[in-house]
Every structure is written in C-alpha cells, then in structure tokens.
There are 2 protein chains.
Amino acid sequence: MTTNFYAPPSAFRGQRVVLPDDEARHVCSVLRAEAGDEIMVVDGEGVWSRVRIDHAAPEQVVGTVKERRTDVGEPDVSVTVGMGMLTKRDRFETFVEKAVELGVARIAPLSTRHTEQASVRADRLRRIMIAAVKQCRRSRVPALAGPKSLDELLAGTTAERRFICHGESDAVPLGPALEDIDGEEVLLLVGPEGGFAPVEVERAQAAGCIPVHLGARRLRAETAGIAALTRVLL
Amino acid sequence: MTTNFYAPPSAFRGQRVVLPDDEARHVCSVLRAEAGDEIMVVDGEGVWSRVRIDHAAPEQVVGTVKERRTDVGEPDVSVTVGMGMLTKRDRFETFVEKAVELGVARIAPLSTRHTEQASVRADRLRRIMIAAVKQCRRSRVPALAGPKSLDELLAGTTAERRFICHGESDAVPLGPALEDIDGEEVLLLVGPEGGFAPVEVERAQAAGCIPVHLGARRLRAETAGIAALTRVLL
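Model, not experiment: these values are computed from the prediction.

**Structural notes on the confidence of the model for chain A**
Here is step 1: Overall, the prediction assigns chain A a mean pLDDT of 95, with 99% of residues at 70 or greater.
Here is step 2: Across the interfaces of the predicted complex, the ipTM metric reaches 0.96, alongside a pTM of 0.96.

**Digging into the side chain of A:Gln135**
Here is step 1: The topology assignment puts A:Gln135 in helix H3 (residues 122–136).
Here is step 2: On the accessibility criterion, A:Gln135 (18% relative accessible area) is buried.
Here is step 3: Excluding residues that lie within four positions of it along the chain, A:Gln135 makes contacts with A:Thr3, A:Glu101, B:Arg218, B:Leu219 and B:Arg220.

**Digging into the side chain of B:His166**
Here is step 1: Along the chain, B:His166 falls in the loop between strand E11 (161–165) and strand E12 (172–173).
Here is step 2: By relative accessible area, B:His166 is classed as buried at 13%.

**Focus: the relation of the copies chain A and chain B**
Here is step 1: Overlaying chain A with chain B gives an RMSD of 0.0 Å, the required rotation being 180° about an axis along which the chain moves by 0.0 Å. Taken together, these values place the two copies in the relation of a two-fold axis.
Here is step 2: Looking at the interface residues of chain A, 100% of them are also at the interface in chain B, so both copies use one shared face.

**Some remarks on the interface of chain A and chain B**
Here is step 1: Listed as interface residues are 31 residues of chain A and, on the opposing side, 31 residues of chain B.
Here is step 2: Of the roughly 2700 Å² buried at the junction of chain A and chain B (both faces included), carbon and sulfur atoms supply 48%.
Here is step 3: When the buried surface of chain A facing chain B is broken down by residue, A:Arg217, A:Arg218 and A:Leu234 rank first, second and third, together holding 31% of it.
Here is step 4: Across the contact surface, chain A and chain B share six salt bridges.
Here is step 5: A salt bridge links A:Arg91 to B:Glu97; its shortest N-O distance comes to 2.7 Å.
Here is step 6: Inspection of the chain A/chain B interface yields 22 residue pairs in polar contact (both at pLDDT 80 or more).
Here is step 7: Of all the secondary structure elements, the ones that give two or more residues to the side of chain A that touches chain B are helix H2 (89–102), H3 and helix H7 (221–233) of chain A.
Here is step 8: Split into classes, the residues belonging to the side of chain A that touches chain B amount to 10 nonpolar, eight polar and 13 charged.

Scoring rules and cut-offs
- Counting restarts for each chain: residues are numbered from 1 in the order of the written sequence.
- To read the labels, note that chains go from A and ligands from 1, taken in the order they are written.
- Local features in this predicted model are restricted to residues of pLDDT 70 or higher, and side-chain atom pairs are both shown and tallied only at a pLDDT of 80 or more, whereas totals for entire chains, interfaces and linings draw on every residue.
- Only hydrogens and water are removed before side-chain values are computed, so all heavy atoms of the structure are retained for them.
- Residue-level confidence of the predictor is summarised by pLDDT, bounded by 0 at the bottom and 100 at the top.
- Segments assigned H or I by DSSP are reported as helices when at least four residues long, segments assigned E as strands when at least two residues long, and all are numbered from the N terminus.
- Residue burial is assigned from relative accessible area. The probe radius is 1.4 Å, only protein chains are included, and a residue is buried under 20% of its type maximum, exposed over 50%, and partly exposed in between.
- Contacts were defined at the residue level, with two residues in contact if any of their heavy atoms lie within 4.5 Å.
- Copy-to-copy alignment: least squares on C-alpha atoms, limited to residues at pLDDT 70 or above in both.
- When two parts are put together, the accessible area they lose, computed with a 1.4 Å probe and summed over both, is reported as buried area.
- We define a salt bridge as a side-chain nitrogen of Lys or Arg found within 4 Å of a carboxyl oxygen belonging to Asp or Glu.
- A 3.5 Å cut-off defines polar contacts: any pair of N or O atoms within that distance qualifies, except that in protein one atom must be a possible hydrogen donor and the other a possible acceptor, and neighbouring residues in sequence count only when both atoms are side-chain atoms.
- Throughout, the ten residues Ala, Val, Leu, Ile, Met, Phe, Trp, Tyr, Cys and Pro are labelled nonpolar, Asp, Glu, Lys and Arg are labelled charged, and all others, Gly among them, are labelled polar.

In structure tokens, the structure reads:
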C-alpha cells in the first residue's frame, strides 16, 4: 500500500464507501487489489479511513470502513499562501504541488502590479492537489481561492502571523522571524516573477505583514514560495 | 539590469571580455544594451565582474571589466547533494534548477536499488544550471558529477557533516540535526521515487551519515531534495 486513495465525503454512507471511477480503476489495474484487501482512503476534508474492499471491479469498488481517524498527516499550523500568478503555468503548477506536499492549508492565487497572468486553471490545479494529497498521505485537500488582489486577501485574512517575501534591505531573514510559531494561523505572501511593487509591500506592512527575505540569492517566484513554506511548515 | 550574464573564464583576457554568442544576442535583443552601458557578468567559477560595454552587436559584444569580485552570491557552506535519478526527467530538472538557486555546490546523480532511470542529460542540465546561476545572481555553476552509486559517492566524499533523508522511525528531524553547521562541508543524500533500501541506509550510516526525516508528510523525491537543501542553505 504505497499511496492513499481519495473519495469525497459524498462517497461515504455510514461505514460503506463507493470509490470514484478513476480511483476504482487505479485500485484494480495498478494496485490489482481484490476483495478482502485493505486500502487507505482520505476524503480531502480531514477524514482518513482504513477500508476493507468488499467488491473490486474496474467499474466499481465498494468497501467497508474499519477504522476512522481525523487530520492524519496534517500540520499543527494553518498556513495560507498568497502566491502571485505566474506567466508560465507549469511553474505555478509545480508550486501548487509542492505547497500541498509541504502542508499548506489554503492557496490564494494573487493578482498584483507585476502579475502578467490573469487566471489559473482551477480544475487542473484541483487534480494536481488531490494527487499530491494522496501521494503525501495528507487527509485534507487545501482550499484553492479564486484569483484576488493583495487588498482583497489582506481584508479577508484572520491570520495572527503575517509575512511578505521581499528581497529588499528592510526585510529580515525568514528563519528567525518564524520563532515561536506554534499552532497559529499564518499568512505568507509571495510575489510573481517581478516581485511585489514597493507600494504593495507598504500596504502589506500596514496590514501587519513582516517583510522577510530568503537569503543572498534571488530565488525564482515559485522557488521562493516553496522555500518559504518549507521554513514555515517543516 | 535584472539578470547577470555568463561568460566562461576563457572569454576573459586581462580586462577585456568577449561574450559568448547566445549571451551577446541576449544583451542586444532583450536588454537592448548599447556601448557605454554596464552589465554584470559571472564566469561560473566564482568571479563576478562589472563590465562596461565597448561594442554591442548581436554577433559580438565586447566589454571592459571595471570591477571584479569573488564568490558574490555564494553561500558559506559547501553542500554536495547526492540525488537519486528520477524516472521523470522533468522532475529531476526541476530539482536541479531549484538546487542551484538555493546554493548547492555539487550535484551527484545517484544510481540506487530503487532507481529506474539510468542516465541524465548532462548538456541539458548544464544549460539549466547556467540559466539558474544567472537568474539567482550566483557566481559559481555547481559541479555536476556523472551518475554514480551510493558506495562510489560515499567513498569519494570529504564532507564533515553527512545526512541521508529517510522517512523511517530511526530518523531524526532534519532541522535540529543541522544545528551548528557553519562553514562546513555537507553531504546530503536523497533517494529516488522509491526511497533508499534499508541496506543502503545502513551503508550510509556506516559511512557517518545521520538518517534524517522531513516531517509527517511523505514528500516526492524532488520535493524532499528541495526542502532539505532549503533547510541546509537558507
């Protein structure tokens, strides 16, 4: 059993679960599971189940929940990342995959002064996120917000600790700035390819964000996002 | 001036530098630089130069070095990463790009028990590495070793601090294990998709490697590599 399977809450009725079609195919064709085998199933909303397979066919896999646990594989800290949308979609997708693996709770694609990309492919990102959740053995699929401006994100956040990645001289190193974070809600802002404009950093600071930098090398936007999440979550 | 340019040591003669063809084209067509403008040029072996352009044409850019510095953008710690070759080449390439940005000194593609990939495209990786060096404003292009076995890498290392990423119960968290690293040579081992085999972890331990884990979620191989380098280098 090297990966978890995914079934949304609606696939469960009492102790009975009917896997979605693509998961059923995977159980049968890749895993070659049979009735009596056990698999781990997450519902993407925090519930992890150990499931005994009762019936296994590529068109339908039905099982019985033998054990339920909550928030398996989830971190103590709840991190929302506001990430500038990137011109190259594959780089944003790499970021999203890694962010899920690292344990992010919510991803908000940001439209900023220097953003040249106007949209994300939400369906595609959602598939990437579910695959990452299964692979890394989390039990929650992070929330994916619709693209929003920095002001909208700042107006809607309740995070106790707020950071904006910004490579300028008034920024402090992220590592030391993270001390004492434990069980808190964190907001992390990462700019697009061109970084944040000075006026954006000022507005974020006015909203309680601490400008932080990520060392001597200028990281690509998605690398900065991955590195910052690594420091917050690992 | 948003990016550095690259010219190997052989392009310099005294204070005079002749940019390689592709860099010359970039200077003229993208940057639209003219004689009298200044650019930053790194030689990939630790020398950073501020260069005044004397002659700018797409087929040849010639300049004069006005200032030289050494190891601009280089980290204090010298990190060699032994990374299991990945079945999907694009994931290994993503790892290599991020490793360069984060400041790695040497990348050794590893052939291990669970490695299904037998080779890397060294020319392509080298191009990715040079692009990343320019983009992140380092001055050294990391060394890229030929694929080798774990035993070969362990036999050849002189690193004072050695770690093997391994998600099992005898591993300690990487963060605390890194305390007191300062100006030392570090070896970091990261397995391929299937991780290291127990016998490989044992051999690495016998060679002085500390087994470390990267938290509660099972990271993809290249994510583990990026996250571990982030913890060592940032």
